[in-house]
Each structure stands twice: as structure tokens, then as C-alpha cells.
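Summary of structural features
Here is how the chains run, residue by residue.
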Amino acid sequence: MNTTQNTEEIRRTFSVLVENRPGVLSIISRLFSRNGFNIDSFCSGPTTDPNLTRITIEVYADDNHANLLLAQLNKMVPVYSAKMMEPSKTIRREFVLFKCEAKKYETRNEIIQIGNIFRATVIDVSSDTLTLAMIGEESKINALQELLEPFHILELARTGNLAIERGKYTIDEKTKENIEFSYGKNVTE
């Protein structure tokens, strides 16, 4: 067993299934702020079960603090399951909307051409603006943003990252590996 711990703060992605009821998102976010963490990204939405909400939370933390947060999440009453995602086994995507100033036909064409390179979609056009939508990795969204800045981005809206594991594993308790059960609130020993 490797006992070395990473003391460097790196981005950690937590996937959490919680009860779908009022106040739960506030309870979860308070856990992070109470422990002195600034949430870098927080995204939530419904699951196939109407009684559950899935939350993806990203913070910068070292190994010790990340494991502590995971243990505390799993002990919380409204939490059905929590998991720290391994970067190499995780798909992460973000949704973004860019509204750019585009008063001239040539400007609109340039913005559309740049958007096409990144597979962004034009979702609104007016006589003065053009709005693009894109789903992608954070690095690609940042690259598109950098290329659009000379065109004057009037508004920008980002969802934060969503994450899901590759392959057969899910956040659901039934597919968790045995070593993960030692963290849960269901431990009886």
C-alpha cells in the first residue's frame, strides 16, 4: 500500500447523489465553506429517480482534505452516495453561452466561423448581437473565449462542470467497489 499523500492542492471533482428536497443544496455547500473551501464549480440536476438529485462539485484540495470532505459527505443524512472522481476515469463537460457584439455582417461571419471550429452552435442572432452555445472541455471553452474576446463578449454564462465515470462504474451504491463502503453512514462495526 502506498502511504505517500499528495499535499499539493489540485482540482478535485466530487459526484454526490442527494435527496431531492428543499435545503439540501445549501446543506452540501455549507459543508465545503465550513471547512474553508471555495467551490470552483457546483452543478446540480435531476436523475432518473425523481427522489434524487445529482451534484457535481469541484474544489482545490490536497489528498487529506479531499478524503476528509468525502468522508463527511458520505456521513450526511441527505446524501445517498458520494464519490471522488478519478481524472483518468472521468468524462467532464461544461455548457457555455457567449453573447458577442456583431453589428456588421462581416463580424457575424467571423464569429460563426470561429464557433464552427469549436463546434459551437448559433442560437440567437439580432441586428447587434450573435449568441453561441457550446458543450465541451474547460480548455476548449477557454480557448473559444480567448478568440471571441476581440469581438467584445457582452455576456457569458457557464454551467460549471458535469462529470460522470467512464465504463461500467456508477455512483449508485450497487456498483461501488468494496473499499468505498468503509466511508459510508451504513457501516455497522
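For the structure, check the block above.
What comes next is a walk through the structure.

How each quantity is defined
- Residues numbered from 1 in each chain as written.
- Predicted model: local features only at pLDDT ≥ 70, side-chain atom pairs only at ≥ 80, totals over all residues.
- Heavy atoms only, no water.
- Pairing = 2+ DSSP bridges.
- Helix = DSSP H or I, 4+ residues; strand = E, 2+ residues; numbered from the N terminus.
- Axes fitted to C-alpha atoms, helices over the stretch in contact; angles between N-to-C directions.
- Expected span 1.5 Å × (residues − 1).
- Buried < 20%, exposed > 50% of the residue type's maximum accessible area, 1.4 Å probe, protein only.
- Contact = heavy atoms within 4.5 Å.
- Polar contact = N/O pair within 3.5 Å; in protein donor to acceptor, adjacent residues only side chain to side chain.

Considering the sheet that holds strand 1 (residues 10-19)
- On the basis of which strands lie adjacent, the open sheet formed by four strands has the order 2-3-1-4 and antiparallel pairing. Unpaired on one side and paired on the other, strand 2 (41-46) and strand 4 (79-85) mark the two borders of the sheet. Neighbouring strand axes in the sheet, compared pairwise and without regard to direction, differ in orientation by 15 degrees on average.
- Pairing of strand 1 with strand 3 (residues 52-61) involves ten bridges; the strand directions are antiparallel.

Some thoughts on helix 2 (residues 63-75)
- Given a rise of 1.5 Å per residue, 13 residues ought to cover 18 Å, and the 19 Å separating the end C-alpha atoms of helix 2 matches this to within 8%.
- Within helix 2, the full set of buried residues consists of Asp63, Ala66, Leu69, Leu70, Ala71, Leu73 and Asn74.
- Tucked into the core, helix 2 has its buried residues touching strand 1, helix 1 (24-34), strand 3 and strand 4.
- Regarding helix 2, its N-cap is Asp62, as a side-chain oxygen of that residue lies 3.2 Å from the backbone nitrogen of Asn64 further along.

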